[in-house]
Amino acid sequence: MEVAEITVSYSTSNDNKIKLSTCSQTFEFILSQWNLDIIEFQEECKIILLNRANFVLGIHELSKGGISGTVVDIRIILSVALKCNASGIILVHNHPSGNLTPSEADKKITRKLFDACELMEFVLLDHFIISKNDFYSFKRDGFF
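All of the points below concern the structure found in this document. (Residues numbered from 1 in each chain as written. Predicted model: local features only at pLDDT ≥ 70, side-chain atom pairs only at ≥ 80, totals over all residues. Heavy atoms only, no water.)

1. A few points about the packing of aromatic side chains
Spelled out, the test is: Aromatic contacts are taken between Phe, Tyr and Trp rings whose centres are within 6.5 Å, Trp giving its six-membered ring; a plane angle under 30 degrees counts as stacked, one over 60 as edge-to-face, and the others as tilted. Numbering goes from the N terminus for both helices and strands, where a helix is a DSSP run of H or I of at least four residues and a strand is a run of E of at least two. Categorising residues by exposure relies on relative accessible area from a 1.4 Å probe, with only protein chains included: less than 20% of the type maximum marks a residue as buried, more than 50% marks it as exposed, and the intermediate range marks it as partly exposed. Think of it as a cone above the ring: NZ of Lys or CZ of Arg counts as a charge over the ring if it is within 6 Å of the ring centre and within 35 degrees of the ring normal.
Scanning the model with the defined rule gives five aromatic pairs in all. With a centroid separation of 5.2 Å and 45° between ring planes, the pair formed by Phe114 and Phe144 is classed as tilted. Of the two residues, Phe114 sits in helix α3 (residues 104-120) while Phe144 sits in the segment after β5 (135-137), which places them 30 residues apart along the sequence. When the centroid spacing of 5.3 Å and the interplanar angle of 40° are considered together, the rings of Phe128 and Phe135 count as tilted. Take Phe128 and Phe135: they sit in the same class, and that class is buried. Grouping aromatic residues by their ring pairs yields a cluster made of Phe27, Phe128 and Phe135. Positioned over the ring face of Trp34 is Lys46, at 4.4 Å from the centre of the ring.

2. Some remarks on the packing of helix α2 (residues 74-83) against α3
Spelled out, the test is: Helix axes are fitted only over the stretch in contact, all axes being lines through C-alpha atoms; the angle between N-to-C directions runs from 0 to 180 degrees. Oblique is the label for any angle not covered by the other classes, which are roughly parallel (under 35 degrees), roughly antiparallel (over 145) and roughly perpendicular (65 to 115). Left-handed is the label given to a crossing in which the near helix is rotated counterclockwise from the far helix by less than a right angle, and right-handed is the label when the rotation is clockwise. Pairs of residues are marked as contacts when any of their non-hydrogen atoms sit within 4.5 Å. Side-chain classes are defined by residue name, with Ala, Val, Leu, Ile, Met, Phe, Trp, Tyr, Cys and Pro counting as nonpolar, Asp, Glu, Lys and Arg as charged, and the others, Gly among them, as polar.
In contact at an axis separation of 10 Å, α2 and α3 are set at 40° when each is read in the N-to-C sense. Our classification of the angle between α2 and α3 gives oblique. In this structure, the crossing between α2 and α3 has a hand that is right-handed. Only Ile109, Lys112, Leu113, Ala116, Cys117 and Met120 of α3 make contact with α2, whose side of the interface consists of Ile74, Ile77, Leu78 and Leu82. Among the residues making up the contact of α2 with α3, the classes are represented as nine nonpolar, no polar and one charged.

3. A closer look at the environment of Lys112
With respect to the element layout, Lys112 can be found in helix α3. Distance in space between the C-alpha atoms of Lys112 and Ile74 is 7.8 Å, their sequence separation being 38 residues.

4. Remarks on the sheet that holds strand β3 (residues 88-94)
The following threshold applies: Strands are labelled as partners when DSSP assigns at least two bridges between them.
Taken together, five strands build an open sheet; the order of strands is β2-β1-β3-β4-β5 and the sheet is mixed. Pairing within the sheet leaves two strands with one partner each, and these edge strands are β2 (56-64) and β5. Averaged over all pairs of adjacent strands, the angle between their axes in this sheet comes to 20°, without regard to strand direction. Of the strand pairs in this sheet, β3 and strand β4 (residues 123-130) are connected by seven bridges, and their pairing is parallel. From the neighbouring strand, Val92 faces β4, where its bridge partner is Phe128. Packing against the sheet, α3 makes contact with β3 and β4, and its axis sits at approximately 160° to β4.

5. Here we look at the pattern of salt bridges
The criterion, for reference: One speaks of a salt bridge when a side-chain nitrogen belonging to Lys or Arg is within 4 Å of a carboxyl oxygen belonging to Asp or Glu.
With the rule as written, the count across this model stands at five salt bridges. Here Glu61 makes a salt bridge to Lys46, at a shortest N to O gap of 3.9 Å. Highlighted residues: Glu61 in strand β2 and Lys46 in strand β1 (residues 44-50), separated in sequence by 15 residues. Take Glu61: its relative accessible area is 53%, and that puts it in the exposed class.

Printed below as a string of structure tokens:
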């Protein structure tokens, strides 16, 4: 029995590349990708996937939840990052209440994702909690 050889190919047709360098720039980019009509209604979680030079490869909508929570599955985040050949990950979720203070669950998932990324040789560049008008950055505030 003959087994087919597996080949890998990768290309992108996106000539308009977006580079994220600062927290403010990242927040503006995130808001441009968010449905602002429900940002204060329903919690959502997304990941921004970046290459080694911090150019955006894409955004993955990870989950939608209720008023006070949504599911963040580390395995899904890493599998998506592997599939798109990402080097960096930015985790983003909103707090419909507008309170940007991280919960204990937010801190726990950030630590778990940071550790998992380190093991898999990804860089967790940041975790943002957003509202319509402002953001909290785990990286900027020294969490990791």
